[in-house]
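# Observations on the three-dimensional arrangement
Residues per chain are reported as follows:
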Amino acid sequence: MDSRVRETVERIVQAVRDGDDAVIRTLLVDLAAVADTAALLYLRERLYSPR
């Protein structure tokens, strides 16, 4: 997986934990432009994993 995709996912996870809706929306737009199935599954895994 591209390191930029991985970094975007990590930033989304942090924004979700911070409750920052504006940042989440912005990052999801960025991710949508480059995401594939593996990236989306990684996002899901990271969102459901314990801190």
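Above this text sits the structure in question.
This structure is a prediction, so every number in the text was calculated from the model and none was measured.

Attention shifts here to a nonpolar patch on the surface. Taken together, the side chains of Val-16, Leu-47 and Tyr-48 define a hydrophobic patch exposed on the protein surface, amounting to about 320 Å² of accessible area. Secondary-structure assignment places Tyr-48 in helix H3 (residues 37-48). Residue classification places Tyr-48 among the exposed residues on the basis of a relative accessible area of 67%.

With respect to the helices, strands and loops of the structure, Glu-10 is situated in helix H1 (residues 3-18). What makes Glu-10 partly exposed here is its relative accessible area of 26%. With ten residues separating them along the chain, Glu-10 and Asp-20 place their C-alpha atoms 14 Å apart. The contacts of Glu-10, once residues within four sequence positions are left out, are Tyr-42 and Arg-46.

We now examine the packing of H1 against H3. One way to put it is that H1 packs onto H3 with a least axis distance of 10 Å and a crossing angle of 35°. Every pair of crossing elements has a handedness; the one defined by H1 and H3 is right-handed. Each of Val-5, Arg-6, Val-9, Glu-10, Ile-12, Val-13, Val-16 and Arg-17 in H1 lies in contact with H3, whose residues at this interface are Ala-39, Tyr-42, Leu-43, Arg-46 and Leu-47. Grouping the amino acids of the contact of H1 with H3 by side-chain chemistry returns nine nonpolar, no polar and four charged.

Now for the environment of Ala-15. With respect to the helices, strands and loops of the structure, Ala-15 is situated in helix H1. Contact partners of Ala-15, with chain neighbours within four places excluded, come to Asp-20, Val-23 and Ile-24.

Looking at where Arg-46 falls in the secondary structure, it is placed in helix H3. Within the structure, Arg-46 has its side chain in polar contact with the side chain of Glu-10 (distance 2.8 Å). What Arg-46 contacts, discounting residues up to four positions off in sequence, is Val-9, Glu-10, Val-13 and Arg-17.

Thresholds applied
- Residues numbered from 1 in each chain as written.
- Predicted model: local features only at pLDDT ≥ 70, side-chain atom pairs only at ≥ 80, totals over all residues.
- Heavy atoms only, no water.
- Patch = residues over 30% accessible without salt bridge, like charges linked within 9 Å, V, L, I, M, F, W, Y side chains within 5 Å.
- Areas by Shrake-Rupley, 256 points an atom, 1.4 Å probe, with all protein chains shown as cover.
- Salt bridge = Lys/Arg side-chain N within 4 Å of Asp/Glu carboxyl O.
- Helix = DSSP H or I, 4+ residues; strand = E, 2+ residues; numbered from the N terminus.
- Buried < 20%, exposed > 50% of the residue type's maximum accessible area, 1.4 Å probe, protein only.
- Contact = heavy atoms within 4.5 Å.
- Axes fitted to C-alpha atoms, helices over the stretch in contact; angles between N-to-C directions.
- Left-handed = near helix turned anticlockwise from the far one by under 90°.
- Nonpolar A, V, L, I, M, F, W, Y, C, P; charged D, E, K, R; others polar.
- Polar contact = N/O pair within 3.5 Å; in protein donor to acceptor, adjacent residues only side chain to side chain.

Any functional reading would require information beyond the geometric quantities listed.
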